[in-house]
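This is what each chain is made of:
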Amino acid sequence: MKNNSLTYRIVYCFVLLLIYSCSIEKFIPEGEQLYTGAQLKVETESEVKDIKEVRTELFNLIEPNPNTTFLGMRPALFFHYKAQREKPGFIYKFLNKSFGEEPTYFSDVKPERVEELILNRLDNNGFFYSRSDSEIIEDNKFVSVNYSAKLTEPYLLENYKLESDSLPIYKAIEKMISETPLRKGDRFDLDVMKAERERLNNGLKQRGYYNSKADLLIFEADTNQYKTKKFDLFLRLKKDVPGRTAIPYTIDSITVFPNYSIEGDTLPITERNRTKVNGIDFIQNEFYFRPELLESYILFNEGDRYDANTSKLTSNRLSALGSYKFVNIQYTELDTTATDGDYGSLAATIYLAPLTKRSLRAELQAVTKSNGFTGPGIQLTYSNRNLFNGGETLSISTNFSYESQISSGNNSNLSSIAGGIKGDLVFPRSIPFSPSRFKYAVPKTKISLGIDFLKRSQLFTLSSINSTFGYTWKENRYVYHQLDPISLNYSRLSNVTENFQNILDDNPFLRRSFEQRFIGGLMYGFTYDEVSDLDKEYPIYFSTNFDTAGNLFSLVNGGSSTIFGSEFAQYAKLDVDLRFYMRWQKDQALVSRVYAGWGVPYGNSQTLPFVKQFFSGGPYSVRAFNIRSLGPGSFNAETDNSSTDYFDRSGNLKLEANVEYRFPLFSYLKGAFFIDAGNVWLTGDYSDIETDQQNSTFSQTLFADGKFEKDWLKEVAAGAGFGLRLDIQNFVIRLDLASPFRLPYLPENNRWNVPFFGNNGNKMTLNFAIGYPF
C-alpha cells in the first residue's frame, strides 16, 4: 500500500506541474505576443506528382520555430520564465538548463520575408509566377500565421542537350550525359541541376580534367518553342574558359618522400638517395620504408590520366598503413602553355611524414567486464611501427588487474586476479595476396600470441594460451570484414576448490563445457556500420559472426576426440546484431536493437565450451537482472538445493531486444530511459551427458526448464529503467538503474510485475559500466 500511495503522489505532482505550466500568459511581457506557429495551405492548378515533398520543402522555410508544446502545454517555456526570477532556486535552474527554451515573440516573425522565400523556392522548383499570401491570427497574448501558396502549372523537361564543340572535353561530357538521372517529364528543379553539374564535374576530374570546376558548366532553359509549359535544357561551357580547363592531364612523373619532415625542407634529389621502382622515384636519405612495398599502395602510374578518385583512394591507403601521421599528394602543372587539343602534364609528389617509430605506454585502467567483475588494472604496451621497414607494427602488452564482482546476488563477494602477456604483429598488406586487388583499403594481416591466467577466489585458477592468424579489411566506408582462418585456444583448469567441484558435480552441462580444453577453428565477422556517419538521421548497424571449431582436427586425427592428449571442442556458432538509430536535435536518439545467437555442438562435443556459451543479464544485456543470472528458459536455481546460483546460467541459444531513448541533461551528462527483453535457452538432446544418481533430478529439471520450445515467448525476461551517462569525448561512464516487469523463472501465472513498485519480485539492479550498452 505504501508503494501505491507513493506512486499516486508522484503522478499527482506531475499532473499539477503540467497544468501549472499551461498558464504562461502572465509571464509574457507587456507589448509582446507569443508566436504559436504557422499553418501552410497549398493549392495547385494541376496535378503535381510529388506535391507532398513540395509542401514539406515550403513549410521548412517558415521561420522562426515556435516554442515546443506537450499535450497543448509549454513546459520548456515555463521552465525558462521561472528561471528568470530573482531567486529561481536550484530545481528551476536545472530544468531550464536541461529543457528550457527562450520565448519566440511575434516581433521576431517577418511574414513578408517568409512569402519571398516561398516564391523564390517555387521558382527554383519550376512553379513560375505563383502567388504567396499570409494572414495573421491574433488571440490576446498569442499570435499565429496562416500562409497560403497558389502554385501554377510547373514546367516539365522535354529535351536535355549538349551544345557541342570540337574540344575534347565536350566528348567526355557527352558520354556522361547518357548516364544522367534527368528524364523527360521531370519538373524544373534548380537543386537537381546543381547536383547534375557536380556529377559532371566529378566525372571530368576522374577523366583527366585536372582544372575542371563545377561553375564552368552553364545550364540554359528554353521555353520559346513550346505553347505548353515545357522546356529544353542546354548545357555548355562558360565563354572565355581558359584553355587549361578544357584539356585532360596526364601524370608524367611520380616522386615519393617516405621519410618527409614537416618542419624541414624537401630533400634534393641525387642518385644516392633515389630509388626507382616501376617508374616511381623514392627519395630518402635515411632508409625508412622499402620502396618495392610502398609502390603497391600507389594506384596511379606514370602516363595515366589524372583521376581525383584514384588520388583520394591512394591517400586513404597510405594513411591506413599506420606508419604515417601526415599524407599529402600534390600535383604541379609542368606545361602551362598547353592549348586546345593538347594534353597537359602533371608532376605528382607524395609527402609522407612518419609517426614516432617506438613508443612505450603505461595505462591505469578501470576494468569493467560483461560478467560483472570490476576493479583497477594496469597495462604496459610497447609498440614498434615499421618493424621491418614495410609498415609492420609489433605490439607487446602485459596487463594485471584485481577485480571484484558487483551486482551479482549471492556471489557479489567473489574476486579475481587476472594477468597476461600478448604479442601482435600486424602487416599492412594481405599475405600472400597482392594489395592492388583491393581498391578502397588494403587488408591487414594479423598474427597474435597470448598467455593469460585467471585466479578466481573460492573457486579455481584458469590458464590459457591463444593464437590467431587472420585478416581485417574495410570494403568501403561502412563495411568491415574480419577473417581468422586459424584460431587456437588451449585452457587448463586447476586449483579447483571443493565449492566449485560441488558446482561441477551438480551441473554436468557445465562440467562438460570445462572438460574440452582445446579449441581450434575458423572465425569470420562482418560489420556494416553507419553510426559514425553523423550526417545520417537514421543510421543502422549490422554485425554477424560465424565461428566453427574442431573439423580439421577431427579429419586429421581420424575421428578421434583428442589431439596432443587433450580433448578438443567441435561446434558451429552464429550470432546477429542489428541496431537502428533515430536521431534528432540536441543529441537526442531513439536506439533499438535485436540480437540472436545460436551455437550447435556436434561430433565429439555434447556442449559448447564455457567461453563460447551465451549469457543474459547485466549492463550490456537485460539490465533489470544481475550479471548472467537469467535462464536457461524458466529454470530457477533457487528452487533447487544446489550451489549453482551463478555458474549454471548459460545456454547455446540467445535472443534479446532493447529500446533506449537517449537525451542530454547538461554539459557532459546524458540521460536515458530503456526497456530490455531476452533470455538464453538450451537446444538439442543432453540425455547422453553422464550424471551422478544424486544429481539426476537437478539435471532433469535444468534440461526440461531450459529447453527452447514453441512457447518460448512465455520465458522471455523483461525490464525497464533509466540511466545517467558521463560522456567526455566518447569516454562514457554509465550508471543504469533497472527493475523487472517480467520474471520467467516464477510460476507461469505469476511472472508479470510492476517495475520499481510491484510486490512480485520487487527489486532494483544498479549497473555500472564503461561505454554505451549498444
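Residues numbered from 1 in each chain as written. Predicted model: local features only at pLDDT ≥ 70, side-chain atom pairs only at ≥ 80, totals over all residues. Heavy atoms only, no water.

K.L.:
Got a sec to walk through the overall build of the protein chain? Specific residues and values, please.
P.N.:
Counting its regular elements, the protein chain contains 13 helices and 29 strands. A total of 774 residues make up the protein chain; the buried ones form 47% of that total. In the protein chain, once contacts between residues fewer than 6 apart in sequence are set aside, the share between residues at least 24 apart is 66%. (Helix = DSSP H or I, 4+ residues; strand = E, 2+ residues; numbered from the N terminus. Buried < 20%, exposed > 50% of the residue type's maximum accessible area, 1.4 Å probe, protein only. Contact = heavy atoms within 4.5 Å.)

K.L.:
Residues and numbers for the sheet that holds strand 5 (residues 217-222), please.
P.N.:
Spatial ordering of the open sheet is given by 4-6-5, a layout of 3 strands whose pairing is mixed. Both edges of this open sheet fall to strand 4 (156-162) and strand 5, since each of them pairs with a single strand only. For this sheet the average axis-to-axis angle between neighbouring strands, irrespective of direction, equals 25°. Both strand 5 and strand 6 (residues 230-237) contribute to a ladder of 6 bridges, which runs antiparallel. Of the residues in strand 6, the one forming a bridge with aspartate 222 is aspartate 232. Helix 7 (residues 190-205) contacts strand 4, strand 5 and strand 6 of the sheet and is inclined by roughly 140° relative to strand 5. (Pairing = 2+ DSSP bridges. Axes fitted to C-alpha atoms, helices over the stretch in contact; angles between N-to-C directions.)

K.L.:
Kindly report on the nonpolar core, identifying the contributing residues and their values.
P.N.:
Counting 27 residues, the largest nonpolar core has Val256, Leu294, Phe300 and Ile350 as the members making the most contacts within it. Put simply, the parts of the chain that give this core at least two residues each are strand 7 (249-257), strand 9 (280-283), helix 8 (291-294), strand 10 (324-333) and strand 11 (344-354). For phenylalanine 300, the residues in contact, after removing those within four places along its chain, are Ile251, Ile254, Thr310, Ser311, Thr314, Ile329, Tyr331, Ala348 and Ile350. One finds Tyr160, Tyr170, Leu204 and Leu237 within the second-largest nonpolar core, a separate group that totals 24 residues. (Core = buried A, V, L, I, M, F, W, Y, C linked by side-chain atoms within 4.5 Å.)

K.L.:
If you had to explain the pairing of strand 6 to someone new, which residues and values would you point to?
P.N.:
Working note: regular strand, side chains alternate between the two faces of the sheet. Burial analysis of strand 6 places 7 of its 8 residues in the buried class, the great majority of the element. Across 6 bridges, the pairing between strand 4 and strand 6 is parallel. Of the residues in strand 6, the one forming a bridge with leucine 162 is leucine 235.

K.L.:
Can you tell me about a positive patch on the surface, naming the residues and giving the values?
P.N.:
Together, Lys171, Lys175, Arg207 and Arg305 make up a region of like positive charge exposed at the surface. Along the polypeptide, arginine 305 turns up in the loop between helix 8 and helix 9 (308-319). Overall, the relative accessible area of 38% leaves arginine 305 in the partly exposed class. (Patch = residues over 30% accessible without salt bridge, like charges linked within 9 Å, V, L, I, M, F, W, Y side chains within 5 Å. Areas by Shrake-Rupley, 256 points an atom, 1.4 Å probe, with all protein chains shown as cover. Salt bridge = Lys/Arg side-chain N within 4 Å of Asp/Glu carboxyl O. Lys, Arg positive; Asp, Glu negative; His and termini not counted. Charge placed at Lys NZ, Arg CZ, Asp CG, Glu CD.)

K.L.:
Break down empty space enclosed by the protein for me, citing the residues and quoting the values.
P.N.:
The tally for this structure, following the rule as stated, stands at 2 cavities of 30 Å³ or more. Estimates place the volume of the second largest cavity at around 30 Å³. Forming the walls of the second largest cavity are Ile169, Leu204, Ser212, Lys213, Leu216, Leu217, Leu237 and Thr245. Taken together, the residues of the lining of the second largest cavity break down into 5 nonpolar, 2 polar and 1 charged. (1 Å grid on protein atoms, 1.4 Å probe; cavity = no way out; pocket = protein on both sides within 12 Å on 5 of 7 lines; lining within 4 Å. Points joined across faces, edges and corners; volume = space filled by probe spheres on them. Nonpolar A, V, L, I, M, F, W, Y, C, P; charged D, E, K, R; others polar.)

K.L.:
Before we move on, could you go through the side chain of arginine 623 and cite the residues and values that matter?
P.N.:
For arginine 623, the location among the structural elements is in the loop between strand 24 (588-601) and strand 25 (653-666). For arginine 623, a relative accessible area of 0% translates into the label buried. A polar side-chain atom of arginine 623 sits 3.1 Å from a polar atom in the side chain of aspartate 736. Apart from the residues within four sequence positions on either side, arginine 623 is in contact with Gly618, Glu660, Phe674, Asp676, Arg725, Arg734, Asp736, Ala738, Thr765, Asn767, Pro773 and Phe774. (Polar contact = N/O pair within 3.5 Å; in protein donor to acceptor, adjacent residues only side chain to side chain.)

K.L.:
Explain a nonpolar patch on the surface to me, using residue names and the numbers behind them.
P.N.:
Among the surface-exposed residues, Leu364, Ile378, Leu380, Phe400, Tyr402, Ile417 and Phe453 lie close enough to one another that they form a single nonpolar patch of about 670 Å² accessible area. Among the secondary structure elements, those contributing two or more residues to the nonpolar patch are strand 13 (373-385) and strand 14 (393-405). A relative accessible area of 44% places phenylalanine 400 in the partly exposed class.

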